[in-house]
Structures are given as C-alpha cells and as structure tokens.
Amino acid sequence: MQDLNSLKIFKDVVSAGGYSAAHRLTGQSRATLSRHVSELEERLGTRLIERSTRSFKLTEQGQILYQSCVEIFDQLDHAFITLEGMQKEPSGHIRIAIPPSLLHFHDFSHEIIRYMTEFPKVAIQIEATNRQVDLQHEGFDFVIRARSKLDYPLDFVPVILAKMQMCIVVHPRWKSSISPDFEQTLSCIPSIVWKGQFDYSHWSFLDQHNKAVHYKVMPKLIVDDMEMMRQAALNQLGMIMIPEIYVQEDLALGRLISVQHPELNISESLVHAVHLGHKGMRPAVRHLLNWLKEVTVSLR
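Definitions and cut-offs
- Residues numbered from 1 in each chain as written.
- Predicted model: local features only at pLDDT ≥ 70, side-chain atom pairs only at ≥ 80, totals over all residues.
- Heavy atoms only, no water.
- Helix = DSSP H or I, 4+ residues; strand = E, 2+ residues; numbered from the N terminus.
- Buried < 20%, exposed > 50% of the residue type's maximum accessible area, 1.4 Å probe, protein only.
- Pairing = 2+ DSSP bridges.
- Axes fitted to C-alpha atoms, helices over the stretch in contact; angles between N-to-C directions.
- Contact = heavy atoms within 4.5 Å.
- 1 Å grid on protein atoms, 1.4 Å probe; cavity = no way out; pocket = protein on both sides within 12 Å on 5 of 7 lines; lining within 4 Å.
- Points joined across faces, edges and corners; volume = space filled by probe spheres on them.
- Nonpolar A, V, L, I, M, F, W, Y, C, P; charged D, E, K, R; others polar.

Right, let's talk about unusual backbone geometry for a bit. Most peptide bonds adopt trans geometry, and most residues besides glycine take a negative phi value. For Q236, which is not a glycine, the phi torsion comes out positive at approximately 70 degrees. Position of Q236 among the secondary structure elements: in the loop between α8 (226–234) and β12 (239–243). Classification of Q236 by relative accessible area gives partly exposed; the value is 32%.

Written as structure tokens, this is what we have:
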C-alpha cells in the first residue's frame, strides 16, 4: 500500500501548482515535498511530474494519480464531515483569517472567545492579517473582510455580518481648508489612505442620483491599519476615510471634525465572511458562522 502522506503531499503540490507554492501553503520545506514525490515515483516506477526550471507539468500517469487522489481525499473529508455531524455539539478545528483592525477593535475576538467557552470541543486557529488570503488553496474555512462591494467569483459565498457607515474626518486645525468643492478640499488637505500608490489612489462616492463618482487622491501616508490612520489624523497629518465607529468618540469630543459634502454619499462598508460554499462545509464551521451572524457585535 502506498504511503497516504506522500499521496497527500503529491496532491498538495499539484493543486498549488509547484513546490514553491506548496511550501508557502503547507509550511513544509521544498526539499521535504520533493523527497516525498520522488519516493512515490520510485515506488510506482514511473515519472509523475515533468521537472524543468520554467514549467510544472504532470505526466499522463501523474494526471491519472492526481485525479484519483482528489477523489480519495474528498471521500475522506466527506466521511469526517459525516462523523462530525453525528455529534451532539460542534467539535473539530476551524481556521479563519481576519484583519487585525476588525479582530481587535470590534467584538469579534470577544465573541470567538465566548463561543469557544460555550463549545469547548472546537479549536480555532486565527490568522490576523490584512494580506489577500487565497481561500481556495490555503486551507482557511472562511475569511472575514470589510469592503463596499461583494464582487466575488461565483464559487465564493459572502455572508454579511454587519454594516459600517464610512466618514471622512480631519483635525480641527484644517477646518479653514475645507471647501464646498471637494476637489478643492483634496488639493488643500493631505490625505491618508488605506491602500493605493503614492502617485495615485482614489476615493469613491455616490452622487445624488446614486451614480459612482471617483476622486483622485495623492496620499501623504498609506497604511493598512485603522488605528494608525486614526492616530495620523489626530496628529494633524491629514484627512482620512474611515468607518465612523472608529472615530465616534473623537468626533464627540471635538478631537476630529467631519469633512462633509451634501452632494456626495460614501458607500457603507460591509463586514462579511467569505467561504467556498456549503458543500463539504464541516458542521463546526457552519455552526460558528451562524453564531457570528446572530450575535450582536458593536459595529451593528
């Protein structure tokens, strides 16, 4: 009988599209991955992967084995899901990714800890990151994100958890530079943006006819951390577009002021989870998702 671990490694290498990508996804060294595949080829007496410095290609035998491996491990996953579903309470491991700003500022961390207290058979691995997670290949059960549009491919399933109102704020020292003409305001006050490039970024709005309007922004600071954006605004560096919940207290106390233009509306930011569909979803994952949809978190 062939080593099941080597078959799994072979499948992971092919699914990732190469040894380097499989190393990034699995954490196993390229040497270890290559050794397992080479030993598998030796035991089978045939070449499975055509190796070259510029391409990664399966042989005919490799293609046959890969399809069989996919079916075998899909069946194993289905068996585990069936067994988990027979249990009276959720159990198993769940892996999720979430931006640090959502995890720490809002109640997601509190609710996940409370969930684990109530359901002790569930173990959760959280990657707090702003990077673009590859949901299809990195082994995450779901990812929590915030964006204004849910423009995902058809095989991605977004689940809205909450909505956040956006706003533009600045330190009061810039009050005299706020103009009725928003382009004039942008030319007078430096901007601090979540993402973009120093030579080009943009802020998007909806006009009174619900038509998208885009303004070019020349950022002074680009940072993917909400708290640093807030601190930069408090330190008079410029204006920021940010979920209102992050600066409610600052606005109430006059530490920051709103930059408002009645003819422009900022789209809401949709806090949501994304997964790859209910087919094959383990009961514990579905249970946690339903929990997060039902709990009242601070951004609602």
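Turning to the sheet that holds strand β4 (residues 122–128), a few remarks are in order. Each strand in a sheet pairs with another by means of backbone hydrogen bonds, the pair being arranged parallel or else antiparallel. Spatial strand order, β4-β3-β5-β14-β6: five strands in an open sheet with mixed pairing. The strands lining the two open edges of the sheet, one partner per strand, are β4 and β6 (157–164). Each strand of the sheet is rotated relative to its neighbour by a mean of 20 degrees, with strand direction disregarded. With two bridges connecting them, strand β3 (residues 92–98) and strand β5 (residues 142–147) associate as parallel partners. The partner of A97 across the bridge, within β5, is V143. Packed onto the sheet, helix α10 (residues 283–294) meets β3, β4, β5, β6 and β14 (269–275) and runs at close to 30 degrees relative to β5.

This next bit is on the layout of surface pockets. The computed volume of the second largest pocket comes to approximately 1400 Å³. As for the second largest pocket, its lining consists of 45 residues, and the residues nearest its centre are A146, R147, S148, W194 and K195. Among the secondary structure elements, those contributing two or more residues to the lining of the second largest pocket are β3, α5 (100–105), β5, β8 (191–193), β9 (201–206), β10 (212–217), α8 and β12. Broken down by element, the residue count for the lining of the second largest pocket peaks at six residues, all from β9. Tallied by class, residues from the lining of the second largest pocket come to 24 nonpolar, 13 polar and eight charged.

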